Amino acid sequence: MASARKVIITCAATGAIHTPSMSPHLPVTAEEIAKSAIDAARAGAAILHLHARDPKDGKPTQDPEFFRPFLKEIKAATNAVINITTGGSPHMTVEERMRPAMTFQPEVASLNMGSMNFGLFPMLDRFKEFKHEWERQHLENSRDLVFKNTYKDIETILRRGSENGTRFEFECYDISHLYNLSHFAEKGLVKGPIFIQSVFGILGGIGPHPEDLMHMRRTADRLFGDQYQWSILGAGRNQIPLATMGAAMGSHVRVGLEDSLWIGPGKMAASNAEQVTRIRTVLEALNCEVATPDEARDILGLKGGNNVNF
C-alpha cells in the first residue's frame, strides 16, 4: 500500500499587513498571539510564522522584547516549529527587520527574495474606519513604497542566519524571485532542501490566477529539480482555493490571519485555528496526511527545537 503524502501546514498568526481595525479577531497582544498560535498548532499547524505588535496600538514591531513573551509561551505549550519573520514590515530597515531572528536564532526565518512594490492601499476601499491614525497611513503610504530586498540585503540575512543554524522560508512573490533564489543557490549560500513559499495575490507581485500558480511551479521545477519543498500562500480570498490547488499538485500550504482575514465569502475567520482546520479538512479529503512538527523538521532538514535561543 502506498503511504499518504505528508503536507506541512504553516500558520502565519498576525503579520504586518492587516491592522487591528480590520478584524476583531486579529491577535495583537503577546497573550493573544500566543493563544492564537497555540490553538493553531493544536489544530494541525506544524510551523508557526510569527510577527509581533505593540500592544498599545497594534503597530508592527521588530523589537525582540515584544517577541520574547509569546515565544516562551508557545514553546512551552507546543512542539511546533517557530518561524520568525525577517520581512517585518516594508516600512522598516533591513537591520531592524533582522533583529528578532538574530536574537532568538529560530529553526526557520522568512526571507523575501526581491525588492518589489507592495501595494496595500486598495484595502482603503474596503475599510473606512480606523481606531489608530497609523493604520490609515500604513495603507496610504504603500502607494509610494518599495519593499527593499537587494542582493546585499538577502546575502546579509542568509549569511548571518546560517551562522546560527537557521534555515529559511524563501518567500517568492514573483518569477524573478525564483531566479534570485537560484542565483544564491549557485553561489552555495542556499542548500537543499530549499523551502519555497510561493506568494500569490499581493499587488506588486504575481497574480492569483491558476495559470500563475502553474507558472511558478514549472519555473521552480526547472530551476531546482528535486532539491526544493514547495508551499502555497494565497492572499485574501485566494487563501483556501490556491492552497487546495497547490496541495493537489504536491505542495505544502500556508494559512493564517497574516495572509487572509476570511474563512469564506463575506465571513471573517474567528481565529487562526479555524483556517488551519479548514485547510486540514481539504488535505484529508485529498488523501494527504498532515505533517507533525517533527515530520516537518525532517522534511526541511531543521536543527531542532532544542537548538534555539528562547
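Predicted model, so just to flag it, every value in this text is computed and none were measured.

**Concerning the overall build of the protein chain**
Moving on, step 1. The helix and strand tally for the protein chain stands at 10 helices and 16 strands.
Moving on, step 2. For 310 residues, the compact-globule formula gives about 19 Å, and the C-alpha radius of gyration of the protein chain, at 18 Å, lands near that figure.
Moving on, step 3. Once the C-alpha set of the protein chain is aligned to its principal axes, its extents read approximately 55 × 45 × 40 Å.
Moving on, step 4. A buried classification covers 56% of the 310 residues belonging to the protein chain.
Moving on, step 5. Once local pairs closer than 6 in sequence are excluded, the contacts in the protein chain between residues at least 24 apart make up 75%.
Moving on, step 6. Accessible surface, the protein chain: about 12,800 Å² in total, of which carbon and sulfur atoms supply 50%.
Moving on, step 7. Treating the 34 positive side-chain charges of the protein chain as one cloud and the 36 negative ones as another, the clouds have centres 1 Å apart.

**Some remarks on the side chain of Thr78**
Moving on, step 1. Inspection of the secondary structure puts Thr78 in the loop between helix H2 (64-77) and strand E6 (81-84).
Moving on, step 2. A distance of 3.1 Å separates a polar atom in the side chain of Thr78 from the backbone nitrogen of Ala80.
Moving on, step 3. In this structure, Thr78 is in contact with Ile38 and Ala41, ignoring residues within four places of it in sequence.

**Some thoughts on the packing of aromatic side chains**
What characterises a pair of aromatic rings is the spacing of the ring centres plus the angle enclosed by the ring planes.
Moving on, step 1. Tallied over the entire structure, the rule returns seven aromatic pairs.
Moving on, step 2. Ring centres 6.3 Å apart and planes at 40° place the aromatic pair Tyr151 and Phe184 in the tilted group. In this pair, Tyr151 sits in helix H5 (residues 151-163) while Phe184 sits in helix H6 (residues 175-186), placing the two residues 33 residues apart along the sequence.
Moving on, step 3. Among the aromatic residues, those joined into a cluster by ring pairs are Phe118, Phe147 and Tyr173.
Moving on, step 4. Sitting above the plane of the Phe310 ring, Lys75 keeps its charged end 5.5 Å from the centroid.

**Comments concerning helix H4 (residues 133-140)**
Moving on, step 1. For H4, the complete set of buried residues consists of Trp134, Glu135, His138 and Leu139. Down the axis of H4, the smallest arc covering the buried residues is 135°, so these residues share one side.
Moving on, step 2. Its buried side turned inward, H4 meets strand E4 (52-53) and strand E5 (60-61).

Quick notes on the rules
- Residues numbered from 1 in each chain as written.
- Predicted model: local features only at pLDDT ≥ 70, side-chain atom pairs only at ≥ 80, totals over all residues.
- Heavy atoms only, no water.
- Helix = DSSP H or I, 4+ residues; strand = E, 2+ residues; numbered from the N terminus.
- Rg over C-alpha atoms; globule rule 2.2 N^0.38 Å.
- Buried < 20%, exposed > 50% of the residue type's maximum accessible area, 1.4 Å probe, protein only.
- Contact = heavy atoms within 4.5 Å.
- Areas by Shrake-Rupley, 256 points an atom, 1.4 Å probe, with all protein chains shown as cover.
- Lys, Arg positive; Asp, Glu negative; His and termini not counted.
- Charge placed at Lys NZ, Arg CZ, Asp CG, Glu CD.
- Polar contact = N/O pair within 3.5 Å; in protein donor to acceptor, adjacent residues only side chain to side chain.
- Phe/Tyr/Trp six-rings, centres within 6.5 Å; stacked < 30°, edge-to-face > 60°.
- Lys NZ or Arg CZ within 6 Å of the ring centre and 35° of its normal.
- Arc of directions from axis to C-beta.

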